[in-house]
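Okay, here's what each chain looks like letter by letter:
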Amino acid sequence: MENIKDRFLRYVAIDTRSDEESESQPSTAKQLNLLRLLCEELKAMGVEATLDEFGYVMGKIPANTDSDIPAVGFIAHVDTSPDASGADIKPQIIPNYDGEPIALKGVPGLYLDPQEFPELIGHKGETIITTDGTTLLGADDKAGVAEIMAAVEYIVEHPEFKHGPIRIGFTPDEEIGRGVAKFDVARFDATYAYTMDGGEVGELEFENFNAAAATVHIQGRNVHPGYAKGKMKNAIQIGMELNCLLPLEQRPEYTEGYEGFYHLISFKGTVEEATFSYILREHDLEKHEQQKETLRRCVQAINDRYGEGTATVEIRHQYYNMRKQVEPHYQIVEIAMKAMEKAGVKPKIQPIRGGTDGANLSFMGLPCPNIFAGGLNFHGKMEWVPVESMEKAYNVILNIVSLYAE
C-alpha cells in the first residue's frame, strides 16, 4: 500500500482552488485534474467509478458478506479555499516534532509558533506537514481524500475484511458553498454517509451553522477632489461606514462555540462604486434570520443618510444546520464514536463552526455527520496536519465499515 503521507503529498501538488465568481460547475476546470486522477485510481483498484459532467466522482464497492447491511458512504471535497493560493505548494515535513516554533521557510521571519497555536504541543513527537508560508497546504480537504483512498485500497486488497456496500464520493466547490448543488443522491445509493472534513483528531460533528452569503453594493459619486465639497460620495468610505454599523462583537475573531458572526471576506471598489462581500453564520435559525434583517437595516440606514439606492444588498442562502436531519438516525453518530474509540481516539462531539457538504446532503435525504480529517488552521498559510492524525482518520473509516458489517 502507498503510505498515506505520500498519497496526501501527491494530491496537494495539484492546484484545485475554487472560484466563487465563476458560474460554471465545477467553478474551475483545474479541479477536474484531481477528480479525473481519483476516478482512474479507483478504477485501477478494481472499483466501479464514474466522473460525471458536474465533477462528481462516485465509486461503488459491493458487499462481500450475505448480511443485510445498509450502504455507507464516505465523502470528501477536492477544492481548496479561494482565500489563499493553492498553486505550487511546497510542503515542509517535520519528523519527530520537538515542540519548538516551526520556520515557514518561504517567508523569512514567519513561524508556526505553539505560543500562538497551542494545539501544536499536543503533537510533539509526530510528523508534522506544514506550508512554506507562501500558500495554503490543502489538508482541507485533501487529507480527507487521502484517508478515504487509503481505506479503499486496504479494503480491495484484503478480501478477508468483511464489509457491506460501500460508496465513495469526491466533490468540487465545497469551499464556495456549492459542493453538492447537483449531487445525485439517488445515484450515490447510500443509506448513510460521513464527510471526512473535520479538523483536530476526535472531532465528530452533526450540527453546523445556518449559512448565507451577502453582497453589498455601494453606488458613490466621483467628483474632482479639489471641487468635491458637498458633491462627492466616496463609495469606499460609505461601505466602511456600513461595516462599522454591524455588531463588532459578532466578528469571527471574537466568537466561539455556538456564537454566530458576520464576516467581511472581501471588498473591491473605487470612489464611484464598491462591493463588500460577507458571510453570515449562526447555529440558531431564528438568530440567523435576525442577522439578515440587521444587515438590511444597516443598508437602509446608509440610504437614509446618503440617498435611496446608495446601498443595495443581495443575500443568498448557502446551507442549514443539519442537526434535525441527523438526530432521528443517531445510531450513525454512535457508530462513529465507537469507531473512534476502537482506534484509540477520544470522540469530541461539537458543533461545526463552518459547514460541510454533509449539511446539504442531510437535507437531501442522506444523513451525513462529519468526522475529523486531522488538519488545522485551514484556508491560510499557517495550515498544518500531522501524519499520525491522518492515519487515525483512516483507521476510523475502516472501523466504521467493520461496525456496520457487525
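Residues numbered from 1 in each chain as written. Predicted model: local features only at pLDDT ≥ 70, side-chain atom pairs only at ≥ 80, totals over all residues. Heavy atoms only, no water.

Colleague: Describe the overall build of the chain, with residues and values.
Modeller: Each helix and strand counted, the chain has ten helices and 17 strands in total. When the backbone C-alpha atoms are referred to their principal axes, the chain occupies close to 80 × 45 × 35 Å. Counted over contacts in the chain with a minimum sequence separation of 6, partners at least 24 positions apart contribute 79%. Total accessible area on the chain is roughly 17,500 Å²; 49% of this is exposed by carbon and sulfur atoms. Looking at charge distribution, the chain has the averaged site of its 39 positive side-chain charges lying 5 Å from that of its 63 negative ones. (Helix = DSSP H or I, 4+ residues; strand = E, 2+ residues; numbered from the N terminus. Contact = heavy atoms within 4.5 Å. Areas by Shrake-Rupley, 256 points an atom, 1.4 Å probe, with all protein chains shown as cover. Lys, Arg positive; Asp, Glu negative; His and termini not counted. Charge placed at Lys NZ, Arg CZ, Asp CG, Glu CD.)

Colleague: Break down unusual backbone geometry for me, citing the residues and quoting the values.
Modeller: Look at the link from glutamine 25 to proline 26: it is a cis peptide, with omega at -5°. Position of proline 26 among the secondary structure elements: in the loop between α1 (4-12) and α2 (31-44). In this structure, the amide linkage connecting aspartate 140 to the following residue, aspartate 141, adopts the cis form with an omega of 10°. The backbone of aspartate 88 sits at a positive phi, close to 55°, despite the residue not being glycine. Its place among the elements puts aspartate 88 in the loop between β3 (72-77) and β4 (92-94). With a phi angle near 60°, aspartate 189 is a residue other than glycine that sits in the positive phi range. Secondary-structure assignment places aspartate 189 in the loop between α4 (185-188) and β9 (192-198).

Colleague: Can you break down the pairing of strand β11 (residues 210-219) residue by residue, with the values?
Modeller: Burial analysis of β11 places seven of its ten residues in the buried class, which makes it a mostly covered element. Relative to strand β13 (residues 273-282), β11 is paired through ten bridges, and the arrangement is antiparallel. Across the sheet, the residue bridging to threonine 215 is serine 277, located in β13. Bridge analysis of β11 against strand β14 (residues 311-319) gives eight bridges, and the strand direction is antiparallel. (Buried < 20%, exposed > 50% of the residue type's maximum accessible area, 1.4 Å probe, protein only. Pairing = 2+ DSSP bridges.)

Colleague: I'd like to hear about the nonpolar core, residue by residue, with values.
Modeller: Grouped together as the largest cluster of nonpolar side chains are 76 residues, with contacts concentrated most on Phe8, Phe74, Phe170, Tyr194, Ile371 and Ile400. A total of eleven residues in this core trace back to one element, the largest contributor, which is helix α10 (residues 387-405). Among the nonpolar cores identified, the runner-up in size contains 17 residues, and Val216, Ile218, Ala235 and Phe276 belong to it. (Core = buried A, V, L, I, M, F, W, Y, C linked by side-chain atoms within 4.5 Å.)

Colleague: Can you explain the pattern of salt bridges? Please cite residues and give values.
Modeller: Enumeration according to the criterion identifies 14 salt bridges in this entry. Where lysine 90 meets aspartate 88, a salt bridge forms, and the shortest distance between an N and an O atom there is 2.6 Å. Under the relative-accessibility criterion, lysine 90 is labelled partly exposed at 41%. For aspartate 88, a relative accessible area of 55% puts it in the exposed group. (Salt bridge = Lys/Arg side-chain N within 4 Å of Asp/Glu carboxyl O.)

Colleague: Tell me about the sheet that holds β11, and please be specific about residues and values.
Modeller: The antiparallel open sheet is built from four strands, whose spatial order is β12-β13-β11-β14. A single partner strand is all that each edge strand has here, and the edge strands are β12 (261-269) and β14. Each adjacent strand pair in this sheet contributes to an overall mean axis angle of 20°, direction not counted. The sheet contacts of helix α5 (residues 235-245) involve β11, β12, β13 and β14, and relative to β13 the element is tilted by about 20°. Contacting β11, β12, β13 and β14, helix α6 (residues 285-306) runs over the sheet at an angle of about 165° to β14. (Axes fitted to C-alpha atoms, helices over the stretch in contact; angles between N-to-C directions.)

Colleague: Please give an account of the environment of threonine 28 that cites residues and values.
Modeller: Structurally, the position occupied by threonine 28 is in the loop between α1 and α2. Along the sequence, threonine 28 and serine 18 sit ten residues apart, while their C-alpha atoms lie 5.7 Å from each other. In this structure, threonine 28 is in contact with Arg17, Ser18 and Asp19, ignoring residues within four places of it in sequence.

Colleague: An account of the side chain of threonine 131 is requested, with residue identities and associated values reported.
Modeller: With respect to the helices and strands, threonine 131 occurs in the loop between β7 (128-130) and α3 (139-157). Of the residues examined, threonine 131 reaches a relative accessible area of 1% and is grouped as buried. Within the structure, threonine 131 has its side chain in polar contact with the backbone nitrogen of glycine 133 (distance 2.9 Å). (Polar contact = N/O pair within 3.5 Å; in protein donor to acceptor, adjacent residues only side chain to side chain.)

Colleague: Give a description of α2 that names residues and reports values.
Modeller: When the terminal C-alpha atoms of α2 are compared, their 20 Å separation across 14 residues agrees well with the 20 Å that a helix rising 1.5 Å per residue should span. Considered for burial, the residues of α2 that qualify are Gln31, Leu32, Leu34, Leu35, Leu38, Cys39, Glu41 and Leu42. Considering only its buried residues, α2 is in contact with α1, β1 (48-51), β2 (57-61), α3 and β8 (166-171). Once α2 finishes, glycine 46 follows within two positions and takes phi at roughly 95°, a positive value. (Expected span 1.5 Å × (residues − 1).)

Colleague: Now, about the environment of glycine 365: what can you tell me, with residues and values included?
Modeller: Among the structural elements, glycine 365 can be located in the loop between α9 (357-363) and β16 (370-372). In this structure glycine 365 comes out as exposed when scored by relative accessible area, which is 56%. Distance from glycine 365 to glutamine 325, taken between C-alpha atoms, is 8.1 Å for residues 40 residues apart in sequence.

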